[in-house]
Amino acid sequence: MEAAFAKKAQAADYPLHVMLTGTHNLAAIQAWAAEMKSKYPNDSFQIGQIGPVVGTHLGSNAFVILWCRQVDGIL
């Protein structure tokens, strides 16, 4: 996942907003966010946890990364 993100992040000519989330693993997501923030200091990050309905289908300890163009004044 990180390799796919790195490729897109390097190609982007604008800052990204990155959402890191998972299932039943908040401490691991927080550690992942800290690592990613140091690698990509120009991007903004948000962390969270997936709720039980979707989490049931993903299973415990899933990791998810989403990103989009960061828009000033939105977040």
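Residues numbered from 1 in each chain as written. Predicted model: local features only at pLDDT ≥ 70, side-chain atom pairs only at ≥ 80, totals over all residues. Heavy atoms only, no water.

Novice: Got a sec to walk through the nonpolar core? Specific residues and values, please.
Specialist: If you look at soluble globular proteins, the nonpolar side chains tend to sit buried side by side. Within the largest apolar cluster, 13 residues are counted, with the highest numbers of intra-cluster contacts made by Phe5, Val18, Leu20, Met36, Tyr40 and Ile65. Of all the secondary structure elements, the ones that give two or more residues to this core are helix H1 (2-11), strand S1 (16-22) and helix H2 (26-39). Here the element with the most residues in this core is H2; it accounts for four residues. Excluding residues within four positions of it along the chain, Val18 makes contact with Phe5, Asp43, Ser44, Phe45, Gln46, Ile65, Leu66 and Trp67. (Core = buried A, V, L, I, M, F, W, Y, C linked by side-chain atoms within 4.5 Å. Buried < 20%, exposed > 50% of the residue type's maximum accessible area, 1.4 Å probe, protein only. Helix = DSSP H or I, 4+ residues; strand = E, 2+ residues; numbered from the N terminus. Contact = heavy atoms within 4.5 Å.)

Novice: Residue-level account of the packing of aromatic side chains, with values.
Specialist: Scanning all chains against the criterion turns up three aromatic pairs. Taken together through their ring pairs, the aromatic side chains of Phe5, Tyr40 and Trp67 make up a single cluster. A cation over a ring is seen here: Arg69 above Tyr14, with NZ or CZ 4.2 Å from the ring centre. (Phe/Tyr/Trp six-rings, centres within 6.5 Å; stacked < 30°, edge-to-face > 60°. Lys NZ or Arg CZ within 6 Å of the ring centre and 35° of its normal.)

Novice: An account of the confidence of the model for the protein chain is requested, with residue identities and associated values reported.
Specialist: For the protein chain, per-residue confidence averages 92 on the pLDDT scale, and 96% of positions sit at 70 or higher. Within the protein chain, the element-level pLDDT minimum falls on helix H3 (residues 52-58), averaging 89, and the maximum on H2, averaging 97. (pLDDT = per-residue confidence, 0-100.)

Novice: Could you give an account of a nonpolar patch on the surface, with specific residues and numbers?
Specialist: Judged by side-chain polarity, Val53, Val54 and Leu58 come together as a nonpolar surface patch covering roughly 290 Å² of accessible area. Relative to the helices and strands, Leu58 resides in helix H3. (Patch = residues over 30% accessible without salt bridge, like charges linked within 9 Å, V, L, I, M, F, W, Y side chains within 5 Å. Areas by Shrake-Rupley, 256 points an atom, 1.4 Å probe, with all protein chains shown as cover. Salt bridge = Lys/Arg side-chain N within 4 Å of Asp/Glu carboxyl O.)

Novice: Could you give an account of the pattern of salt bridges, naming the residues involved and the relevant values?
Specialist: Two side chains with opposite charge may pair up if their charged atoms get near one another. Summed over the entire model, instances satisfying the criterion amount to two salt bridges. Residue Lys39 pairs with Glu2 through a salt bridge whose shortest N-O separation is 3.2 Å. Separated by 37 residues along the polypeptide, Lys39 in helix H2 and Glu2 in helix H1 bring together distant segments of the chain. You can call Glu2 partly exposed: its relative accessible area is 29%.

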